[in-house]
Amino acid sequence: GGSGRPYARGRMYNNAARGRGRSNLFGDSSSVETTMKQDPESLERENDNDIDHMGDRVAMLRKITSGIHDEAESHHRLLDDIGGAVGRGGGDLQK
């Protein structure tokens with residue numbers, strides 16, 4: 001009964017809001033036409049620049065993850081050393 005109508009209104013509002021979001025995300029028709037009118041060499045240079053930028057970001061992320069890995073390995077060795085020292089100390093107490 002009555003609970004169906006507000007849901008339907010909400011869906012209509014959400015679809016309208018989604019439509020506005022899509023036009024902002026993908027640009028309006030004039031920006032698409034402008035992009036299509038650019039010369040192919042210009043588009044190729046833009047793509048090359050974007051690929052270079054993406055490569056730089058990948059290299060940066062690779063460095064960061066390598067640093068995290070090295071830090072985790074260092075902590076692992078430290079914990080192993082502490083565990084060994086505690087184990088040896090516990091053995092001394094039992095004697």
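Residues numbered from 1 in each chain as written. Predicted model: local features only at pLDDT ≥ 70, side-chain atom pairs only at ≥ 80, totals over all residues. Heavy atoms only, no water.

(A) Spatial organisation of the overall build of the chain. For the chain, the helix and strand inventory stands at 3 helices and 0 strands. When the helices and strands of the chain are read in sequence order from the N terminus, they spell out α-α-α. Evaluated residue by residue, the chain yields a buried proportion of 1% over its 95 residues. Accessible area of the chain: about 8,600 Å², with a carbon and sulfur share of 57%. (Helix = DSSP H or I, 4+ residues; strand = E, 2+ residues; numbered from the N terminus. Buried < 20%, exposed > 50% of the residue type's maximum accessible area, 1.4 Å probe, protein only. Areas by Shrake-Rupley, 256 points an atom, 1.4 Å probe, with all protein chains shown as cover.)

(B) Summary view of a negative patch on the surface. A cluster of acidic residues, Asp-39, Glu-41, Glu-44, Glu-46, Asp-48, Asp-50, Asp-52 and Asp-56, forms a negative patch at the surface. Counting through the fold element by element, Asp-50 comes out in helix α3 (residues 40–94). (Patch = residues over 30% accessible without salt bridge, like charges linked within 9 Å, V, L, I, M, F, W, Y side chains within 5 Å. Salt bridge = Lys/Arg side-chain N within 4 Å of Asp/Glu carboxyl O. Lys, Arg positive; Asp, Glu negative; His and termini not counted. Charge placed at Lys NZ, Arg CZ, Asp CG, Glu CD.)

(C) Structural context of a nonpolar patch on the surface. A contiguous nonpolar surface patch, about 380 Å² in accessible area, is contributed by Met-60, Leu-61, Ile-64 and Ile-68. What makes Ile-68 exposed here is its relative accessible area of 54%.

(D) Layout of the confidence of the model for the chain. Per-residue confidence for the chain averages 76 on the pLDDT scale, and 56% of its residues sit at or above 70. The low-confidence segment residues 1–13, where pLDDT is below 50, has 1 contact with residues more than four positions distant or belonging to other chains. (pLDDT = per-residue confidence, 0-100. Contact = heavy atoms within 4.5 Å.)

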